[in-house]
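# Coordinates in review
Here is what each chain is made of, one letter per residue.
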Amino acid sequence: MKVLVLGGRGMLGKDLVPFLSAKHQVFVRDIDDFNITDLERVQNEIETLSPQVVINAAAYTDVDGCESNPGMAFSVNAEGARNVALGCAANKARMIHLSTDYVFDGSSLSPYREEDPPNPLNVYGLSKLQGEHYIQKIIQNHLIIRTQWLFGRHGKNFVDTILKLAERQEEIRIVNDQKGSPTFTIDLSWAIGGLLEKEATGILHVTNAGACTWYEFARQILQERNPAKRKVQLTPISSTELSRPAKRPANSVLDCHRFENLMGQKMRPWKESLKEYLAGKEDGK
Ligand SMILES: NC(=O)c1ccc[n+]([C@@H]2O[C@H](COP(=O)([O-])OP(=O)(O)OC[C@H]3O[C@@H](n4cnc5c(N)ncnc54)[C@H](OP(=O)(O)O)[C@@H]3O)[C@@H](O)[C@H]2O)c1
């Protein structure tokens, strides 16, 4: 299959591209050579390359930054997604788009299903939801994959942040009132590879199995690996104590049953993936 990956040099893109390249002819574009906010460029490029599938992993992902720069958030996450949808529709390409758990407000007591009503709490979530709406309106042959709490070798992520803090701080204060499912970019790449072979359309929730709070995630990271072998005090705190610019949902765990039924299997538990990620760091991978 001819596949065009946008945002191919981001955290997910850098794992996704080699994974797909083993089986498909993959073209990679990112902001330096291909800005998704430029409609004419998007349309020309898709027409020239003529891919069967376009995977849009390009986004403005700085959640707090989106609060102070909503213009940029909507330009990339909403209008950018619309441009890609228009390019795909005009060239009969399937569009696979990455979206987020932050489209939900987190007030649900159970995991969110695809059809649950979204209600974003922050600009990032609003801009990503607007992107979803554009895609649904413009192109029938689309798959929107909502995922969350990504960690991977090629980007700034929570695991590395905790390991760094553990090297220089006696105490780390971590929020314990937001719950989600940490998701390894290698596993998400596997899922996207599998979904390329399926005819699914609409929205799909895809994360690693299991859920935790950020505090529990940090505790697991330090249980698995404490590079300086130091005693670090982990202190659970509330989101209000941390006071970040963007509000985050309390419970944004995603129900992945639709994905599991489609693929005939679950994603592996996040703790297993974390172990592999940390082992890879020791090997220098
Ligand atoms: N990270 C998470 O925890 C998370 C959670 C839920 C959903 N997602 C979604 O998953 C997807 C991949 O996330 P990620 O963590 O891999 O993000 P990432 O590391 O920030 O990668 C996104 C890539 O898109 C590029 N980009 C930004 N603006 C662009 C533009 N106008 N045109 C073309 N490319 C542009 C970025 O370049 P620069 O780096 O130079 O800006 C970056 O290379 C995104 O759709 C994101 O919304 C991520």
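Small disclaimer: the values here were computed from a predicted structure and weren't measured.

### Quick look at the site of the ligand
Among the 25 residues in the neighbourhood of the ligand, the closest are listed as Leu12, Asp30, Asn35, Thr61 and Tyr124. One nitrogen or oxygen atom from the main chain of methionine 11 is found 2.9 Å from an oxygen atom belonging to the ligand. At 3.5 Å from a nitrogen atom of the ligand is found a main-chain nitrogen or oxygen belonging to isoleucine 31. If the ligand stood free it would expose 880 Å²; the protein chains cover 79% of that surface. Breaking the shell around the ligand down by element, the ones donating at least two residues are α1 (11-21), β4 (94-100) and α5 (123-138). Tallying contributions element by element places β4 first for the shell around the ligand, with 3 residues.

### A look at the pairing of strand β5 (residues 142-147)
Residues in a regular strand project their side chains so that they alternate between the two faces of the sheet. Across the 6 residues that make up β5, a large majority, 6, are buried. Burial of the side chains of β5 extends over both faces: His142, Ile144 and Arg146 are buried on one face and Leu143, Ile145 and Thr147 on the other. Sheet topology note: the β4/β5 ladder contains 6 bridges and is parallel. Along β5, the bridge assignment pairs isoleucine 96 with leucine 143. Between the parallel pair β4 and β5, the chain is carried across by α5, and the sense of this crossover is right-handed. Of the strand pairs in this sheet, β5 and strand β10 (residues 202-205) are connected by 4 bridges, and their pairing is parallel. What sits directly across from isoleucine 144, in β10, is isoleucine 203.

### With respect to the nonpolar core
One finds Val159, Ile172, Ile174 and Phe217 to be the most contacted residues of the largest nonpolar core, which totals 55 residues. In contact with valine 159, not counting residues within four places along its chain, are Phe151, Phe217, Ile221, Leu274, Tyr277 and Leu278. Formed by 25 residues, the second largest nonpolar core is a distinct cluster that contains Ile96, Leu143, Ala191 and Met263.

### Remarks on the packing of α1 against helix α7 (residues 185-196)
Two numbers describe how α1 lies on α7: the axes approach to 9 Å, and their chain directions differ by 50°. In terms of orientation, α1 lies oblique with respect to α7. For the pair α1 and α7, the sense of crossing is right-handed. Residues Met11, Leu12, Asp15, Leu16, Phe19 and Leu20 of α1 lie in contact with α7, whose contacting residues are Thr185, Ile186, Leu188, Ser189, Trp190, Ile192, Gly193 and Leu196.

### Comments concerning the packing of aromatic side chains
Two numbers describe a pair of aromatic rings. These are the distance of the centres and the angle of the planes. Applying the stated criterion across every chain yields a total of 11 aromatic pairs. Between phenylalanine 184 and tyrosine 277, the ring centres sit 5.8 Å apart and the planes meet at 80°, which makes this aromatic pair edge-to-face. Of this pair, phenylalanine 184 sits in strand β9 (residues 183-184) while tyrosine 277 sits in helix α11 (residues 270-282), and the two are 93 residues apart along the sequence. Owing to a relative accessible area of 0%, phenylalanine 184 belongs among the buried residues under this scheme. On the basis of relative accessibility, which here comes to 1%, the residue tyrosine 277 falls in the buried class. Connected via pairs of aromatic rings, a cluster forms that spans Trp149, Phe151, Phe158, Phe184, Trp214, Phe217, Trp270 and Tyr277. Lying across the ring of tyrosine 134, arginine 82 places its NZ or CZ 5.6 Å from the centre.

### What about the environment of glutamate 40?
Position of glutamate 40 among the secondary structure elements: in helix α2 (residues 39-49). With 181 residues separating them along the chain, glutamate 40 and isoleucine 221 place their C-alpha atoms 45 Å apart.

### Quick word on the pattern of salt bridges
One pass over the structure, following the stated rule, counts 13 salt bridges. Residue arginine 29 is joined to glutamate 45 by a salt bridge in which the shortest nitrogen-to-oxygen separation is 2.5 Å. Taken together, the residues arginine 29 in strand β2 (residues 25-29) and glutamate 45 in helix α2 connect sequence positions 16 residues apart. On the basis of relative accessibility, which here comes to 18%, the residue arginine 29 falls in the buried class. For glutamate 45, a relative accessible area of 11% puts it in the buried group. Glutamate 132 is the salt-bridge partner of arginine 146, the closest N and O atoms lying 2.8 Å from each other. With a gap of 14 residues between them, arginine 146 in strand β5 and glutamate 132 in helix α5 connect regions that are remote in the sequence.

What counts as what
Residues numbered from 1 in each chain as written. Predicted model: local features only at pLDDT ≥ 70, side-chain atom pairs only at ≥ 80, totals over all residues. Heavy atoms only, no water. Near = heavy atom within 4 Å. Polar contact = N/O pair within 3.5 Å; in protein donor to acceptor, adjacent residues only side chain to side chain. Areas by Shrake-Rupley, 256 points an atom, 1.4 Å probe, with all protein chains shown as cover. Helix = DSSP H or I, 4+ residues; strand = E, 2+ residues; numbered from the N terminus. Buried < 20%, exposed > 50% of the residue type's maximum accessible area, 1.4 Å probe, protein only. Pairing = 2+ DSSP bridges. Right-handed = clockwise from strand over helix to strand, strands pointing away. Core = buried A, V, L, I, M, F, W, Y, C linked by side-chain atoms within 4.5 Å. Contact = heavy atoms within 4.5 Å. Axes fitted to C-alpha atoms, helices over the stretch in contact; angles between N-to-C directions. Parallel < 35°, antiparallel > 145°, perpendicular 65-115°, else oblique. Left-handed = near helix turned anticlockwise from the far one by under 90°. Phe/Tyr/Trp six-rings, centres within 6.5 Å; stacked < 30°, edge-to-face > 60°. Lys NZ or Arg CZ within 6 Å of the ring centre and 35° of its normal. Salt bridge = Lys/Arg side-chain N within 4 Å of Asp/Glu carboxyl O.

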